[in-house]
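Each chain is listed here by its residues.
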Amino acid sequence: MQVPSGVVVSASVGTAPGPFGVRPTQALRSTESRSARDCARAALATLGQRSADIPTGEGGQPIWPTGFVGSLSHCPGFTIAAVGRVGVASAIGIDVEVHRPVRPAVAATIVCGSEASMLARLASCHPPVAWSAVLWSVKESVFKAWYPLTGRWVDYTACEVVIHPDRGSFDARVVVPAGRTARSTTPRTFAGRWSVVGTHLCSVVIVPASRGQDG
């Protein structure tokens, strides 16, 4: 997955994901979380930060060393982290998911606007790809970039996505719900990349430093 100079992605591949519907144990999730932080420390070391703790903030987000931004993700069989210098990026969001369709009941809670027709069209033209999982992953990566800039989470339906299948890219727009506010300098539109990697898929959003300053 291509990223700009000054951003490093580190990943670790483990055992293959288990059967659909089987919930990972707490011990497995703890192992995956440690592995994701190991990936983050490896990325930081590549950028010259040799020793770093990565605690968890009140919103569940990782707290990065001064001068860096980043994101990490894990799921059964795959962990990943992306880290960049503050002068390069103002926020990063990365997500990894098992490459299989999202359950219909869950998919109904994340789809909004024209996304349902888009998913149907993509499934017809590119059936090998689990497009509902791509949409899920894309929204996760957008929210992981959005939260550090705003300090608040929003619902899946507050983000509308256009997936570009041939380019492995996407565009997304976050709509702040009525009654909520965000800084005028906060980006509302995001562009990113997605790709299928074996039994998994990954998406990433990198908000340039200049956008974090002037919106």
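For the structure, see preceding data.
Residues numbered from 1 in each chain as written. Predicted model: local features only at pLDDT ≥ 70, side-chain atom pairs only at ≥ 80, totals over all residues. Heavy atoms only, no water.

S.K.: I keep staring at the overall build of the protein chain and nothing clicks. Help me out?
M.R.: Check the secondary structure of the protein chain and you find five helices and eight strands. Expressed as a percentage of the 215 residues in the protein chain, the buried residues total 47%. Of all intrachain contacts in the protein chain linking residues separated by at least 6 positions in sequence, the fraction that spans at least 24 positions is 63%. When the accessible surface of the protein chain is split by element, carbon and sulfur atoms take 54% of a total near 10,600 Å². (Helix = DSSP H or I, 4+ residues; strand = E, 2+ residues; numbered from the N terminus. Buried < 20%, exposed > 50% of the residue type's maximum accessible area, 1.4 Å probe, protein only. Contact = heavy atoms within 4.5 Å. Areas by Shrake-Rupley, 256 points an atom, 1.4 Å probe, with all protein chains shown as cover.)

S.K.: Please clarify how the sheet that holds strand β1 (residues 7-13) should be interpreted in this entry.
M.R.: The strands making up a sheet associate through backbone hydrogen bonding, with each pair oriented either parallel or antiparallel. If you walk across this open sheet you meet the three strands as β1-β3-β2, and the pairing is antiparallel. Pairing within the sheet leaves two strands with one partner each, and these edge strands are β1 and β2 (68-75). For this sheet, the mean angle separating the axes of adjacent strands, direction not counted, is 10°. Bridging between β2 and strand β3 (residues 78-85) involves eight bridges; their strand directions are antiparallel. Within the sheet, the bridge partner assigned to C75 lies in β3 and is F78. (Pairing = 2+ DSSP bridges. Axes fitted to C-alpha atoms, helices over the stretch in contact; angles between N-to-C directions.)

S.K.: When you look at helix α3 (residues 115-125) in this model, what are you seeing that I'm missing?
M.R.: An α-helical segment advances 3.6 residues per turn. Residues three or four places apart therefore align on the same side. What α3 keeps buried is the set E115, M118, L119 and L122. Buried residues of α3, viewed axially, fall in a sector of 100°; they line one side. Residues R121 and S124 are exposed on α3 and point more than 90 degrees away from its buried face. Tucked inside the fold, the buried residues of α3 contact α2 (104-110), α4 (131-150) and β5 (159-164). (Arc of directions from axis to C-beta.)

S.K.: Where do I start with the pairing of strand β4 (residues 89-98) in this structure?
M.R.: For a regular strand, side chains alternate in direction, first toward one face of the sheet and then toward the other. Judged by how many residues are buried, β4 sits mostly within the fold: ten of ten residues are covered. For β4 and strand β8 (residues 200-208), the ladder comprises nine bridges, and the chain directions are antiparallel. Residue pairing across strands places I92 opposite I206, the latter belonging to β8.

S.K.: Looking at this structure, I do not really get α4. What am I missing?
M.R.: Its 20 residues place the ends of α4 28 Å apart at the C-alpha level, agreeing with the 28 Å of an ideal helix rising 1.5 Å per residue. With 18 of its 20 residues buried, α4 lies for the most part within the structure. A positive backbone phi angle near 75° is found at G151, which sits one or two residues after α4. (Expected span 1.5 Å × (residues − 1).)

S.K.: Could you clarify how one ought to interpret the packing of aromatic side chains in this entry?
M.R.: Think of a pair of aromatic rings as described by two things: how far the centres are apart, and how the planes are tilted against each other in angle. Applying the stated criterion across every chain, the model contains four aromatic pairs. Each ring, one from F143 and one from Y156, has its centre 5.6 Å from the other, and the planes form 55°; the classification is tilted. Placement of the pair is F143 in helix α4 and Y156 in the loop between α4 and β5, with a sequence separation of 13 residues. Through a chain of ring-to-ring contacts, three or more aromatic side chains come together here, namely W136, F143 and Y156. (Phe/Tyr/Trp six-rings, centres within 6.5 Å; stacked < 30°, edge-to-face > 60°.)

S.K.: I tried to follow the pattern of salt bridges on my own but got confused; where do I start?
M.R.: Note on pairing: side chains with opposite charge can pair once their charged atoms come close. Per the counting criterion, the structure on display carries three salt bridges. Across the salt bridge formed by K144 and D95, the nearest N and O atoms sit 3.7 Å from each other. Of the two residues, K144 sits in helix α4 while D95 sits in strand β4, which places them 49 residues apart along the sequence. As a salt-bridge pair, E115 and K139 come within 3.0 Å of each other at their nearest N and O atoms. Residue E115 is found in helix α3, and its partner K139 is found in helix α4; the two are separated by 24 residues along the sequence. The class for K139 is buried, based on a relative accessible area of 0%. (Salt bridge = Lys/Arg side-chain N within 4 Å of Asp/Glu carboxyl O.)

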